[in-house]
Amino acid sequence: MTAPLALVTGGQQGIGLGIAKALAEAGFHIALASRSDPASPAVVSALSELGPTARYFRHDLSDIEANSLLLDQIEAEMGPISTLVQNAGVAAKVRGDLLEITPENFDFVTGINLRGAFFLAQQVAKRMLAAQAETYRSITFVTSVSAQMASIERADYCISKAGAAMAAQTLALRLAPHGIGVFELRPGIIATEMTSGVKDKYTARIEGGLVPAARWGEPSDIGSVVVPLATGQLAFATGAVIPVDGGLSIGRL
């Protein structure tokens, strides 16, 4: 039996790279997909870290018409996908009053975080159903604590993640009879390129008690949770929503 193949969107850096590294260490071959230039330092470094069983495919998640081409290329070069980790996402273009969000900025965020995420997962699910497989298959949506915890200064981001959360739930129902697991991970405050601009702000809040675990999360924290999902150790827990946030989202008095 050949090694299982994981497609990790946005896997060239941050949380995605943490996930890709954990899956590679668990024996998966890795396909990375993002909008980044293949010659960019992040992509080159990621492929170097992941080793010879990883490949990179340039893909814009908002271009849903290109999904079939992406998946055709991956299957031709690496074989059928066993695990999709839908991790790629973008932050709100502008933080501020939600009453001032423009349609253009709203469409940009939801076009990737929700629309793009859903339609790629849909295409992968169809191919999983059509294929004969000896390995466990799964789809994991990496959303955010913002799928539940509202931030009025970035409402478009929260809306996109809440929508992706429901995409995971409905897809879990559809695929459960076929033994394909679907899960949702909700990271909290994770040290990545995306959060570097607010590092000082959140470090102070974490030190003030915002996160019960009293530290920033790391991409490896997310990766360690993905592995048992992808290997079928939680197969009967399909549809599970798993916070990976050091207790941030626990309701407190």
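In this text, all values refer to a predicted model and were calculated from it rather than measured experimentally. (Residues numbered from 1 in each chain as written. Predicted model: local features only at pLDDT ≥ 70, side-chain atom pairs only at ≥ 80, totals over all residues. Heavy atoms only, no water.)

1. Here's the deal with the packing of helix α1 (residues 14–25) against helix α2 (residues 41–50)
Axes are the key here: two packed helices are described by the angle between their axes and the distance separating the axes.
Point 1. Following both chains from N to C, one finds α1 and α2 inclined at 20°, their axes separated by 10 Å at the closest point. Between α1 and α2, the interaxial angle falls into the category roughly parallel. α1 and α2 meet at a crossing whose hand is right-handed. Across from Leu 17, Ala 20, Lys 21 and Ala 24 in α1, the residues of α2 making contact are Ala 46, Glu 49 and Leu 50.
Point 2. Of the residues that constitute the contact of α1 with α2, the class distribution is 5 nonpolar, no polar and 2 charged. (Axes fitted to C-alpha atoms, helices over the stretch in contact; angles between N-to-C directions. Helix = DSSP H or I, 4+ residues; strand = E, 2+ residues; numbered from the N terminus. Parallel < 35°, antiparallel > 145°, perpendicular 65-115°, else oblique. Left-handed = near helix turned anticlockwise from the far one by under 90°. Contact = heavy atoms within 4.5 Å. Nonpolar A, V, L, I, M, F, W, Y, C, P; charged D, E, K, R; others polar.)

2. Describing the pairing of strand β6 (residues 180–187)
Point 1. Across the 8 residues of β6, 8 count as buried, placing the element largely inside the fold.
Point 2. Pairing geometry for strand β5 (residues 137–142) and β6, over 6 bridges, is parallel. Within β6, the position partnered with Thr 140 by the bridge is Phe 183.
Point 3. At this point the chain moves from β5, through helix α5 (residues 155–175), to the parallel β6, and the crossover so formed is right-handed.
Point 4. Bridging between β6 and strand β7 (residues 241–244) involves 4 bridges; their strand directions are parallel. (Buried < 20%, exposed > 50% of the residue type's maximum accessible area, 1.4 Å probe, protein only. Pairing = 2+ DSSP bridges. Right-handed = clockwise from strand over helix to strand, strands pointing away.)

3. Structural notes on unusual backbone geometry
Point 1. One non-glycine residue, Ala 214, lies in the positive phi region at around 60°.
Point 2. Tracing the sequence through the fold places Ala 214 in the loop between α6 (199–207) and α7 (219–230).

4. A word on α7
Each α-helix turn comprises 3.6 residues. Residues three or four places apart therefore point the same way.
Point 1. For α7, spanning 12 residues, the distance from its first C-alpha to its last is 17 Å, which sits close to the expected 16 Å at 1.5 Å a residue.
Point 2. Taken together, the buried positions of α7 are occupied by Pro 219, Ile 222, Gly 223, Val 226, Val 227, Leu 229 and Ala 230. All buried residues of α7 project into a common sector of 165° when viewed along the axis, lining one side.
Point 3. Within two residues after α7, Gly 232 carries a phi angle of roughly 90°, on the positive side. (Expected span 1.5 Å × (residues − 1). Arc of directions from axis to C-beta.)

5. As for the pattern of salt bridges
Point 1. Taken as a whole, this structure holds 7 salt bridges when the rule is applied.
Point 2. For Glu 153, the salt bridge is made with Arg 95, and the minimal N-O distance between the two is 3.9 Å. Here Glu 153, found in the loop between β5 and α5, pairs with Arg 95, found in the loop between β4 (83–86) and α4 (103–130); they are 58 residues apart in sequence, far enough to count as distant.
Point 3. Here Glu 184 makes a salt bridge to Arg 186, at a shortest N to O gap of 2.7 Å. There is no split in this pair, since Glu 184 and Arg 186 are both buried. (Salt bridge = Lys/Arg side-chain N within 4 Å of Asp/Glu carboxyl O.)

6. Some words on the side chain of Thr 143
Point 1. Topologically, Thr 143 is positioned in the loop between β5 and α5.
Point 2. For Thr 143, a relative accessible area of 5% gives the class buried.
Point 3. In this structure the side chain of Thr 143 is engaged in a polar contact, spanning 2.6 Å, whose partner is the side chain of Glu 184.
Point 4. Setting aside its immediate chain neighbours within four residues, Thr 143 contacts Tyr 157, Lys 161, Ala 164, Ala 165, Glu 184, Leu 185, Arg 186 and Pro 187. (Polar contact = N/O pair within 3.5 Å; in protein donor to acceptor, adjacent residues only side chain to side chain.)

7. Concerning the packing of aromatic side chains
Point 1. A full pass over the atoms with the stated rule returns 1 aromatic pair.
Point 2. Seen from the ring of Phe 108, Lys 93 lies directly overhead, with NZ or CZ sitting 4.5 Å from the centre. (Phe/Tyr/Trp six-rings, centres within 6.5 Å; stacked < 30°, edge-to-face > 60°. Lys NZ or Arg CZ within 6 Å of the ring centre and 35° of its normal.)

8. Considerations on the environment of Leu 175
Point 1. Along the chain, the position of Leu 175 falls in helix α5.
Point 2. For Leu 175, a relative accessible area of 1% translates into the label buried.
Point 3. Discounting chain neighbours no more than four positions away, the residues touching Leu 175 are Ala 125, Leu 129, Ile 139, Ile 180 and Val 182.

9. Quick look at the sheet that holds strand β2 (residues 29–34)
Point 1. Taken together, 7 strands build an open sheet; the order of strands is β3-β2-β1-β4-β5-β6-β7 and the sheet is parallel. Every interior strand has two partners, whereas the edge strands, β3 (54–58) and β7, have only one. If you compare each strand with its neighbour and ignore which way they point, the axes differ by 20° on average.
Point 2. With 3 bridges connecting them, strand β1 (residues 5–9) and β4 associate as parallel partners. By the bridge assignment for β4, Leu 7 is matched with Leu 84.
Point 3. Here helix α3 (residues 67–78) sits on the sheet and contacts β1, β2 and β3; the angle it forms with β3, its principal contact strand, is near 155°.

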